[in-house]
Amino acid sequence: MIRGAQDPAMTEGAISSKAAGVASAAVAAAAAAAAKTAEAADAPGATQAMKAAEAAKALAAEAGGRVLRQKRQRRQAAMFALMIAALVIALGFLALLVGFVAVRGIGVISWEFITQMPRNAMTEGGILPAILGTFYLVIGAMVMATPLGIGSAIYLTEYARQGPVVRAIRIGVNNLAGVPSVVFGLFGLAVFVKMFGFRVSILSGALTLGIVVLPTIIRASEEAILAVPVSYREASLALGATRWQTVRYAVLPSAMPGILTGCILGVGRVAGETAPIMFTAATFFTARLPGSIFEEVQALPYHIYALVTEGTHPEAQVPIAFGTALVLLALVLGVDLAAIVLRSRYEKSR
Amino acid sequence: MRRRIRENLIHAVLVAVAFSSLVFLVGIVLVLFREGMPIFQKTGLAHFIFGRDWYPTYDPPSFGTLPLMAGSFLVTVGAMAIAIPVGVASAITISQVLPGRARGIVKPVVELLAGVPSVVYGLFGMQIMAPLMMNVFNLPTGLTALTASIILGIMALPTVVSIAEDALSAVPGTYREASYALGATRWETISRVLVPAASSGIVTAALLGMARAIGETMTVLMVAGGAAVVPTSFLQPVRPMTAAIAAEMGEAPVGGSHYHALFAIAIVLFVVTLAFNMVADSFTRRFQRKVAGG
């Protein structure tokens, strides 16, 4: 009985679910029919067509988007290839330059080449006078420029208040940095060689090169001093130190590695400059090493120039020029590399 | 009390030292004008600038500097045609395309190469580039405006790359993120967002590269050929202003017209580079404001 009672209920349920299925099918059919009738009718058909068109458009857009995306990707790949090619060309050119000088110069270089006097009208022998001359000029220029440069940087960062004075000094520094090197040479000629009567000498050349390198040292020192945290100064001042004591004992020790880096980069620049010493210090040939700062000298960069433009034995002089260029290049790049390594180590330690 | 005197003394010394740069700059201006002005009185400004004949050692001499200025102009334009596209593209590659590790190596290498002395570029141009150009273009001499342009262009590259790279790297990261969020590809982000945002910095790079090319002496002295005629093509030898000063100052008798004329050329050179540097400076400041505001 209970089962019997249950059974019809079950059947009833099954039937009702079936009915529901039929009903939903019927609804779908009705909807389809309605759509057909609607299509037959005019006004609602327009919206229907529009909807269909939209669906088609969406489908097309998806496919088109893929195409467009591919196009954009391809374009990106092409442009990236172009950009990378430019960098390869740039580095390639520079590598070619260094490579050629190294290959043509290495054969000439020997212990004798860097420790002996030139012989036989510059066609044989070594380049010792040029190496020493460059050494003297660099020392002289740095002796002049380092105190002026670091002092300027201390004033600009620690003492000066923003105003017309600082602006004037900044104009001086910025524009001095942009003056062409040959103009420095003319200045040195007119002032040190002629007006002060130092003649063509180590002194005139070193003073001229000192002016050339001054902006480099000021900027590097300023940057290094500004990187010192303000709290160092505050702590020092709070202990009752004066401004100079603060600079001397709190700021400068911390800024020193940065300042040193700037000075080393300055050395690299001074060693390679030719135009400023052409009329103030350099000579193609000296029979002996200079005895005082009032004598003219040979210098590596000028020696290269003179070897390929003067003299009567180019076939003997050109190889020596490449050897000299390799010595100069090794000197300058070695000094710069030292500065860069020093800087990165210093930045890491901060 | 003694402490205060000491402090004031140090302050005074530092002020004096800080003025040294300005003193040197003013000194350069004064010297150039003092030594250069006499030639304007002698030949007249118009002839000096527009005269087509540079015959400083003839009798009577002629001091028209148009050939020299044209030489400088041609060589500088040629150098920039190489250095700007290659340099800016290299900067984009270094700052945006290369992975960070490679950037850390390439940037210092480029900066290192900025230190190669100009006389070494000159030697390379004279001994290796010039014979090559002579054979390729079948010329009587390889020392031409084109050769000088190529060497100067290579020389200006490290300057352009380094400054343009700094500018691109200084664009705030939010610009890039916003562009990616809008669905832009990396290249679209670079070309339409980052480069425009860094444009004033890139212009600075180009201007400073140009200033360097105009003022460069040793390379053009050794490579440009030295003919003081108004050039009609890139394949002719030219004598840019810097080369004329460097080559002739040794022979010019001090206090003579030739000596004054060379100083007067230096005035032109000084004014042009000063203008370039000042314009570059204003672009730098604009860029800094823009990045700070972004």
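Note that this is a predicted model, so its numbers are computed, not measured. Just so you know, the residues in each chain are numbered from 1, in the order the chain's sequence is written. Following the order in which they are written, the chains are lettered starting with A and the ligands numbered starting with 1. Local features are withheld for residues below a pLDDT of 70 in this predicted model, meaning they are given only at 70 or higher, and side-chain atom pairs are given and counted only at 80 or more; totals for whole chains, interfaces and linings count all residues.

### So, the overall build of chain B
Basically, it comes down to this: A run of H or I in DSSP counts as a helix once it spans at least four residues, and a run of E counts as a strand once it spans at least two, with each numbered from the N terminus. To assign burial, the other C-beta atoms lying within 10 Å of each residue's own C-beta are counted, with C-beta atoms placed from the backbone; 20 or more indicates buried, 12 or fewer indicates exposed, and intermediate counts indicate partly exposed. By the criterion used throughout, residues are in contact when their C-beta atoms, derived from the backbone, lie within 7 Å.
For chain B, the helix and strand inventory stands at 13 helices and two strands. Along the first, second and third principal axes, the C-alpha atoms of chain B reach 75 × 75 × 30 Å. Here chain B holds 294 residues, and 52% of them are scored as buried. When contacts within chain B are restricted to residue pairs at least 6 apart in sequence, those whose partners lie at least 24 apart make up 73%.

### Let's talk about the overall build of chain A
Within chain A, the regular secondary structure consists of 12 helices and two strands. Along chain A, from the amino end to the carboxyl end, the secondary structure elements read α-α-α-β-β-α-α-α-α-α-α-α-α-α. The buried share of chain A, taken over its 350 residues, is 40%. Long-range pairs, those at least 24 residues apart, make up 74% of the contacts in chain A between residues at least 6 apart in sequence.

### Some remarks on the packing of helix 4 (residues 128-159) of chain A against helix 7 (residues 202-226) of chain A
Going by this rule: Angles shown run from 0 to 180 degrees and are taken between the N-to-C directions of axes, each axis being a line fitted to C-alpha atoms and, for helices, limited to the stretch in contact. Note on convention: near helix rotated counterclockwise from far helix by under a right angle means a left-handed crossing. Clockwise means right-handed.
Running from N to C, helix 4 of chain A and helix 7 of chain A point in directions that differ by 35°, and their axes come no closer than 6 Å. The element helix 4 of chain A and its partner helix 7 of chain A pack so that their crossing is right-handed.

### Concerning the domain arrangement of chain A
Inclusion rule: Residue ranges labeled as domains rest on an automatic or database domain assignment.
What the domain assignment lists for chain A is domain 1 (41-92) and domain 2 (107-349). Here the C-alpha centre of domain 2 of chain A lies 58 Å away from the C-alpha centre of domain 1 of chain A.

### Topic: the interface of chain B and chain A
On the side of chain A, 71 residues touch chain B, which itself brings 68 residues to the contact. A per-element tally of the side of chain B that touches chain A places helix 6 (residues 118-137) of chain B first, with 10 residues.

### A few points about the nonpolar core
Soluble globular proteins tend to bury their nonpolar side chains together. Selection rule: A set of buried Ala, Val, Leu, Ile, Met, Phe, Trp, Tyr and Cys residues, joined to one another through C-beta atoms within 7 Å, is what we call a nonpolar core.
Leu137(A) and Val160(B) are the most contacted members of the largest nonpolar core, which totals 192 residues. Among the elements that line this core, the one with the most residues is helix 7 (residues 145-170) of chain B, at 16 residues. Split by domain, this core shows at least three residues from each of two domains, domain 1 (41-92) and domain 2 (107-349) of chain A. When residues no more than four places from it in sequence are discounted, the contact partners of Val160(B) are Ala83(B), Ile84(B), Gly87(B), Val88(B), Ala205(B), Ala206(B) and Gly209(B).

### Examining the environment of Gly27(B)
Residue position: Gly27(B) is located in helix 2 (residues 20-43). Sequence-distant contacts of Gly27(B), defined by excluding residues within four places in its chain, comprise Phe187(A) and Val191(A).

### Thoughts on helix 10 (residues 199-215) of chain B
To keep things clear, this is the line we draw: By definition here, a helix of n residues has an expected span of 1.5 Å times n minus one.
With 17 residues, helix 10 of chain B should cover 24 Å at 1.5 Å per step; its first-to-last C-alpha distance of 24 Å lies within 8% of that length. Most of helix 10 of chain B is tucked away, with 16 of its 17 residues classed as buried.

### Quick notes on helix 5 (residues 164-178) of chain A
For helix 5 of chain A, built from 15 residues, the straight-helix expectation of 21 Å at 1.5 Å per residue is met to within 8% by its first-to-last C-alpha distance of 21 Å. Of the residues making up helix 5 of chain A, those classed as buried are Ile169(A), Gly172(A), Val173(A), Asn174(A), Asn175(A), Leu176(A) and Gly178(A).

### Considering the packing of helix 4 of chain A against helix 9 (residues 243-272) of chain A
Geometrically, a packed helix pair is captured by the angle between its two axes and the distance between the axes. All names here are of chain A. Spelled out, the test is: Oblique is the label for any angle not under 35 degrees, not over 145, and not in the 65 to 115 range, which are roughly parallel, roughly antiparallel and roughly perpendicular in turn. Three classes are used: nonpolar for Ala, Val, Leu, Ile, Met, Phe, Trp, Tyr, Cys and Pro, charged for Asp, Glu, Lys and Arg, and polar for all others, with Gly counted as polar.
In the contact formed by helix 4 and helix 9, the axes pass within 10 Å of each other and the chain directions differ by 140°. Looking at the two axes, helix 4 sits oblique to helix 9. Relative to helix 9, the crossing made by helix 4 is right-handed. Across the interface between the two elements, Thr134, Leu137, Val138, Ala141, Met142, Ala145, Thr146, Ile150, Ile154 and Glu158 of helix 4 pack against Val247, Val251, Ile259, Cys263, Gly266, Val267, Val270 and Ala271 of helix 9. Counted by class, the contact of helix 4 with helix 9 contains 14 nonpolar, three polar and one charged residues.

### Considerations on unusual backbone geometry
The residue after Asp59(B), namely Pro60(B), is reached through a cis peptide bond having omega 0°. The topology assignment puts Pro60(B) in the loop between strand 1 (54-55) and strand 2 (62-63). Positive phi outside glycine occurs at Arg199(A), with the angle close to 60°. Arg199(A) sits in the partly exposed class, given 15 other C-beta atoms within 10 Å. The backbone phi angle of Asn138(B) is positive, close to 55°, even though this residue is not glycine. Counting through the fold element by element, Asn138(B) comes out in the loop between helix 6 and helix 7. Since 8 C-beta atoms lie within 10 Å of it, Asn138(B) is described here as exposed.

### Looking at the environment of Ser231(A)
As for its placement among the helices and strands, Ser231(A) is situated in helix 8 (residues 230-238). C-beta crowding within 10 Å serves as the criterion here: with 10 such atoms nearby, Ser231(A) is assigned to the exposed category.

### Structural notes on the confidence of the model for chain A
All names here are of chain A. Basically, it comes down to this: Think of pLDDT as the predictor's per-residue confidence, scored from 0 to 100.
With 85% of its residues at a pLDDT of 70 or more, chain A shows a mean pLDDT of 83. Mean pLDDT in chain A bottoms out at helix 1 (residues 2-40), which sits at 45, and peaks at helix 7, which reaches 95. Taken together, the stretch residues 1-31 has pLDDT below 50 and engages in zero contacts with residues farther than four places along the chain or on a different chain.

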